[in-house]
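What follows is each chain in one-letter form.
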Amino acid sequence: MKNLIYLIIILAFVNKYAQAQDFKKGYIINLDHEKIQGYLEERTDDELRNKVIFSTELNSESVTYTAGELQSFGFDYGRTFQNFLLKTSNGRDSIPTNVFAKRVWTGKIEMYTIQYDNNLVEYILKNNFTNEWVLLKRPVNETYIVNGSTIEKRDLKYLQQLTAIKKDSKDAYVEQKDIGYSKSSILANIKAYDSKYEDKY
């Protein structure tokens, strides 16, 4: 009986230690713009898209915040997430949906990624001068049959959005042949654009 009690105590200690290892130092910023220091549960980008678990102290009671309940949060080692309100479609209606997007670049234009569990990635670009932002969604090309021949129409909406977010600049035009829908291509384009404004942002 005594050995069983010892075993239970040891298992409880190990479980508590393991849970503590999942939490990293960080902060949350609530809807009142208050920054609160504490600990965040380490999760994948996909898992953090909709919610984050926060505790003011290690091994203390934690609180789960959904994307609509915080402005942002971040880990002290540099990984940060921002709340954005998107409009998603169920095929008939437009539905407002809050998500946490991970910031991957800061400058005149900031870049964020939204990671989904099916490996789908979408990008948000925010212009810090106009305070406007756009959502770049994966292109879906359309195929037509004309006189027996198959014709594919490229979906260029993401390039239009990439151009629109720079509308306050004379360097807004982007040639479609230069920019593919990938993190590396879009980020390279944004970095080149932001390099002209390094002294201001």
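Residues numbered from 1 in each chain as written. Predicted model: local features only at pLDDT ≥ 70, side-chain atom pairs only at ≥ 80, totals over all residues. Heavy atoms only, no water.

## Here's the deal with the side chain of Lys 102
Here's step 1: By secondary structure assignment, the location of Lys 102 is in strand E7 (residues 94-105).
Here's step 2: At a separation of 2.8 Å, a polar atom in the side chain of Lys 102 contacts the side chain of Asp 45.
Here's step 3: Apart from the residues lying within four places of it in its own chain, the contact partners of Lys 102 are Asp 45, Arg 79, Thr 80, Phe 81, Met 111, Tyr 112 and Thr 113. (Helix = DSSP H or I, 4+ residues; strand = E, 2+ residues; numbered from the N terminus. Polar contact = N/O pair within 3.5 Å; in protein donor to acceptor, adjacent residues only side chain to side chain. Contact = heavy atoms within 4.5 Å.)

## Observations concerning the sheet that holds strand E9 (residues 121-127)
Here's step 1: The 10 strands are arranged E4-E3-E2-E1-E5-E6-E7-E8-E9-E10 in an open sheet whose pairing can be described as antiparallel. Both edges of this open sheet fall to strand E4 (63-66) and strand E10 (133-136), since each of them pairs with a single strand only. Across the sheet, the axes of successive neighbouring strands diverge by a mean angle of 40°, strand direction being ignored.
Here's step 2: As judged from the 7 bridges shared by strand E8 (residues 109-115) and E9, these two strands associate in the antiparallel manner. Within E9, the residue paired with Tyr 112 across the bridge is Ile 124.
Here's step 3: In the packing of helix H3 (residues 183-194) onto the sheet, the strands contacted are E7, E8, E9 and E10, and the crossing angle to E8 comes to about 165°. (Pairing = 2+ DSSP bridges. Axes fitted to C-alpha atoms, helices over the stretch in contact; angles between N-to-C directions.)

## Quick notes on the packing of aromatic side chains
Here's step 1: By the definition in use, this model includes 9 aromatic pairs.
Here's step 2: A connected cluster of aromatic rings, assembled from ring pairs, spans Phe 73, Phe 75, Tyr 77, Phe 81 and Phe 100.
Here's step 3: One Lys or Arg, Lys 35, reaches over the ring of Tyr 27 and ends 4.4 Å from the middle of that ring.
Here's step 4: Across the ring face of Tyr 197, the terminal group of Lys 108 is positioned such that the distance to the ring centre comes to 4.0 Å. (Phe/Tyr/Trp six-rings, centres within 6.5 Å; stacked < 30°, edge-to-face > 60°. Lys NZ or Arg CZ within 6 Å of the ring centre and 35° of its normal.)

## Looking at H3
Here's step 1: Between its first and last C-alpha, H3 extends 16 Å over 12 residues, near the 16 Å set by a 1.5 Å rise per residue.
Here's step 2: For H3, the complete set of buried residues consists of Ile 186, Leu 187, Asn 189, Ile 190, Tyr 193 and Asp 194. Taken around the axis of H3, the buried residues stretch over an arc of 160°, which confines them to a single face. (Expected span 1.5 Å × (residues − 1). Buried < 20%, exposed > 50% of the residue type's maximum accessible area, 1.4 Å probe, protein only. Arc of directions from axis to C-beta.)

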